[in-house]
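# Reading the structure
Given next are the chains, with one letter for each unit.
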Amino acid sequence: MSNPLAKPHSVDGWLAYIEALHPKSIAMGLERVSIVAQRLALFQVNPRPTIITVAGTNGKGSSCAMLEHIYTAAGFRVGCYTSPHLLRYQERVRVNRQEISDQDLCLAFSAVEMARQEVELTYFEMGTLAAVWHFAQQALDVLVLEVGLGGRLDAVNIFDADCAIVTNIDLDHMEYLGDTREKIGLEKAGVYRAQQIAICGDRTPPQSLLDYAVSIGARVHCIQHAFEVQGHSAGWSYRDSNGTLNIPPLSLTGVFQQDNAASVIYAIRALRTQLPVPDTVIVDILPHVQLQGRFQYLQRNPDVIVDVAHNPQAALSLVDNLNEIKKTMSKSGKLIAVFAMLADKDIDAVVQILKRTIDIWHVAEINHPRAASLHQLSDTLKNGQVNGIVHTHLTVAAALQGGV
């Protein structure tokens, strides 16, 4: 039972409080979060904004950022909920690209706390309900919601999307979603809705995803079928039944970002009846969209790049980007990695993918309850027979200082 006398009065206080609400950091299922959502009357928002849900193994944050930037530039009021955050929790909840204020975030947590009563909610569930409660106060036109884990049983999936995008499917969170692409694809397909727009940006989608979409009567549209992408020297082109767009190179690095952008374009064009966006806005805005932590340059000379790759598919994309940099380096140049991961990620697979690209490793343990220990990371590198020299550090800051 919640205790109103014990309610925190600061963002840090609330975050510490909600971390302790549920014995597990991840607890799949929609029953608990649906009960509290109904108490908050989140389904009775009138008029309800158009909802776009974004699921997938990688590319969710990038796709959400593209949608957020384009709809805001087109003059709509846009709410965007993403996770995780990099520096501040407030990054997760934005209206017209502006982070929620401390006061409004505390107010939202307080509203959810009053409504939940005896219901135990996880950190993510509490945060999802708080974000959408805040959005419900804002008279928004469009709501962009990033799925946290999977799709079918993720808290975000209690909201029926007018359009759902699955960016791609690969192996991650296998203890919750299954150990094959077919099993994971079915979980992610759970965000699709009958008679609504269902987009898949994976070039080889699992049959389970396609079968599920057809079985519920979703209007499924896949990349290289309903819409196509083609790269060329001046950028890249997008084409669907509404015509072709020629788009300059994206600021977001990686060929896969063109596929993410293509899914976003298809979604925006498909929703034009309720959210009209001119093609000129799409072409003007997409090349300038940036996102923290996605092959992001922090400085030059020496180049310092940060990337949040945390599964095999993301690691492969990171290697592609690093190899492009290697082509411009002198023979004496070295690629130095400051490396840390969460313990529940596939560290072995990521190391195997990176090991021939990285010349020197600086390993550290991050300050997180789910962090892989320094011992675990070091053993994985040793057992993986990495080519480069390995240094260990007590903190990421020390590892970065040692690397630069």
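What comes next is a walk through the structure.

About the thresholds
Residues numbered from 1 in each chain as written. Predicted model: local features only at pLDDT ≥ 70, side-chain atom pairs only at ≥ 80, totals over all residues. Heavy atoms only, no water. Core = buried A, V, L, I, M, F, W, Y, C linked by side-chain atoms within 4.5 Å. Buried < 20%, exposed > 50% of the residue type's maximum accessible area, 1.4 Å probe, protein only. Helix = DSSP H or I, 4+ residues; strand = E, 2+ residues; numbered from the N terminus. Contact = heavy atoms within 4.5 Å. Phe/Tyr/Trp six-rings, centres within 6.5 Å; stacked < 30°, edge-to-face > 60°. Lys NZ or Arg CZ within 6 Å of the ring centre and 35° of its normal. Pairing = 2+ DSSP bridges. Axes fitted to C-alpha atoms, helices over the stretch in contact; angles between N-to-C directions. Parallel < 35°, antiparallel > 145°, perpendicular 65-115°, else oblique. Left-handed = near helix turned anticlockwise from the far one by under 90°. Nonpolar A, V, L, I, M, F, W, Y, C, P; charged D, E, K, R; others polar.

## A short note on the nonpolar core
By size, the foremost hydrophobic cluster in this structure holds 59 residues, and its most contacted members are Leu 40, Phe 109, Leu 129 and Tyr 192. Per-element accounting of this core gives the leading share, nine residues, to helix α5 (residues 123-136). If sequence neighbours within four positions are ignored, Leu 40 has contacts with Ala 111, Val 112, Ala 115, Leu 129 and Trp 133. Among the nonpolar cores identified, the runner-up in size contains 40 residues, and Ile 197, Trp 236, Val 264 and Tyr 266 belong to it.

## Quick notes on the packing of aromatic side chains
Applying the stated criterion to the full structure yields ten aromatic pairs. When the centroid spacing of 6.0 Å and the interplanar angle of 75 degrees are considered together, the rings of Tyr 71 and Phe 76 count as edge-to-face. Here the two residues Tyr 71 and Phe 76 agree in accessibility, since each one is buried. We note Arg 300 situated over the ring of Tyr 297; from NZ or CZ to the ring centre the distance is 3.7 Å.

## Details of the sheet that holds strand β3 (residues 93-95)
The eight strands are arranged β4-β3-β2-β5-β1-β6-β7-β8 in an open sheet whose pairing can be described as mixed. The open sheet is flanked by β4 (98-99) and β8 (219-222), the only strands paired with a single partner. By the bridge criterion, five bridges tie strand β1 (residues 50-55) to strand β5 (residues 142-146) in an arrangement that is parallel. Pairing of Ile 51 across the sheet is with Leu 143, part of β5.

## Observations concerning the packing of helix α11 (residues 312-326) against helix α12 (residues 347-354)
Following both chains from N to C, one finds α11 and α12 inclined at 15 degrees, their axes separated by 9 Å at the closest point. Viewed along their axes, α11 and α12 adopt a mutual orientation that is roughly parallel. Along this stretch, α11 crosses α12, giving a crossing that reads as right-handed. Touching Pro 312, Ala 315, Leu 316, Leu 318 and Val 319 of α11 are Ala 349, Val 350, Ile 353 and Leu 354, all from α12. A per-class count over the contact of α11 with α12 returns nine nonpolar, no polar and no charged.

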